[in-house]
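Residues per chain, in single letters:
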Amino acid sequence: MRDTSELTAAVERFADRLRAAPQSRLQQGAAAEGLALARKLAERAQRVEDPEREPRTMPDAGVFTVADQLAVAGNDLAEILRTAPADSREGELAEAVEWVREAAERSGL
């Protein structure tokens, strides 16, 4: 089993920043950045879990729910990568952590 704590920690940090952000900051693009990341992480998780199935798109449930959507998508991917065979999915964990860091930076939070 792979250690995915770096991904879960990065996701939780960004989700916490989104939860603490004022509505104006969320509406200025921080929520959109969080949703785009949540969708990307959810799509990756779905592709890893079932490569034959077309991934479903995470809905836009509003600026006040994006932090929870991000946390769910990030933790889902972390769990899938944690339990994947050790020799598979090389580099995907590091890539996902980088996606979170980049999105957090772009969000301005």
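For the structure, check the block above.
Residues numbered from 1 in each chain as written. Predicted model: local features only at pLDDT ≥ 70, side-chain atom pairs only at ≥ 80, totals over all residues. Heavy atoms only, no water.

Undergrad: What is the right way to look at the layout of surface pockets in this model?
TA: Any empty space left between the atoms is revealed when a probe the size of a water molecule rolls over them. Estimated volume of the largest pocket: approximately 200 Å³. If you go around the largest pocket, you meet 13 residues; those closest to its centre are Ala42, Ala45, Gln46, Glu49 and Arg56. Where the lining of the largest pocket is concerned, the elements lending two or more residues are α2 (23-49) and α3 (66-83). Top contributing element to the lining of the largest pocket by residue count: α2, with 4 residues. Taken together, the residues of the lining of the largest pocket break down into 6 nonpolar, 1 polar and 6 charged. (1 Å grid on protein atoms, 1.4 Å probe; cavity = no way out; pocket = protein on both sides within 12 Å on 5 of 7 lines; lining within 4 Å. Points joined across faces, edges and corners; volume = space filled by probe spheres on them. Helix = DSSP H or I, 4+ residues; strand = E, 2+ residues; numbered from the N terminus. Nonpolar A, V, L, I, M, F, W, Y, C, P; charged D, E, K, R; others polar.)

Undergrad: In this structure, what is going on with the packing of α2 against α3? I would like to understand it.
TA: Two numbers describe how α2 lies on α3: the axes approach to 8 Å, and their chain directions differ by 25°. Considering their axes alone, α2 and α3 lie roughly parallel with respect to each other. Where α2 crosses over α3, the handedness of that crossing is left-handed. In contact with Ala31, Gly34, Leu35, Leu37, Ala38, Leu41, Ala42, Arg44, Ala45, Val48 and Glu49 of α2, α3 contributes Val66, Gln69, Leu70, Ala73, Gly74, Leu77 and Ile80. Here the contact of α2 with α3 is built from residues that sort into 13 nonpolar, 3 polar and 2 charged. (Axes fitted to C-alpha atoms, helices over the stretch in contact; angles between N-to-C directions. Parallel < 35°, antiparallel > 145°, perpendicular 65-115°, else oblique. Left-handed = near helix turned anticlockwise from the far one by under 90°. Contact = heavy atoms within 4.5 Å.)

Undergrad: Just to check I follow, could you spell out the packing of helix α1 (residues 5-20) against helix α4 (residues 92-107) for this structure?
TA: Packed helices, taken two at a time, are described by the angle their axes make and the gap between the axes. Running from N to C, α1 and α4 point in directions that differ by 20°, and their axes come no closer than 9 Å. Judged by the inter-axis angle, α1 sits roughly parallel to α4. For the element pair α1 and α4, the recorded crossing hand is left-handed. Judged by residue contacts, Glu6, Leu7, Ala10, Val11, Phe14 and Arg17 of α1 engage Leu93, Ala96, Val97, Val100, Arg101, Ala103, Ala104 and Ser107 from α4. Across the contact of α1 with α4, the residue classes break down as 10 nonpolar, 1 polar and 3 charged.

Undergrad: Teacher, can you tell me more about the side chain of Gln69 here?
TA: Here Gln69 is to be found in helix α3. Residues contacting Gln69, with those up to four places away along its chain left out, are Leu35, Ala38, Met58, Pro59 and Ala61.

Undergrad: What is the right way to look at the pattern of salt bridges in this model?
TA: Opposite charge on two side chains permits pairing when their charged atoms draw close. Within this structure, the stated rule accounts for 8 salt bridges. The salt bridge partner of Asp68 is Arg19, with a shortest N-O separation of 2.9 Å. You can see Asp68 sitting in helix α3 and its partner Arg19 sitting in helix α1, a full 49 residues away along the chain. Judged by its relative accessible area of 43%, Asp68 is partly exposed. Arg19 sits in the partly exposed class, given a relative accessible area of 43%. One salt bridge connects Glu43 with Arg47, and the closest N-O pair in it is separated by 3.1 Å. (Salt bridge = Lys/Arg side-chain N within 4 Å of Asp/Glu carboxyl O. Buried < 20%, exposed > 50% of the residue type's maximum accessible area, 1.4 Å probe, protein only.)

Undergrad: Please clarify how the nonpolar core should be interpreted in this entry.
TA: Soluble globular proteins tend to bury their nonpolar side chains together. With 34 residues, the main nonpolar core has Leu7, Phe14, Leu18, Leu37, Leu41, Leu70 and Val100 as its most contacted residues. Those elements that place two or more of their residues in this core are α1, α2, α3 and α4. With 10 residues, the top contributor of residues to this core is α2. (Core = buried A, V, L, I, M, F, W, Y, C linked by side-chain atoms within 4.5 Å.)

Take it as geometry only, folks, not as evidence of what the structure does.
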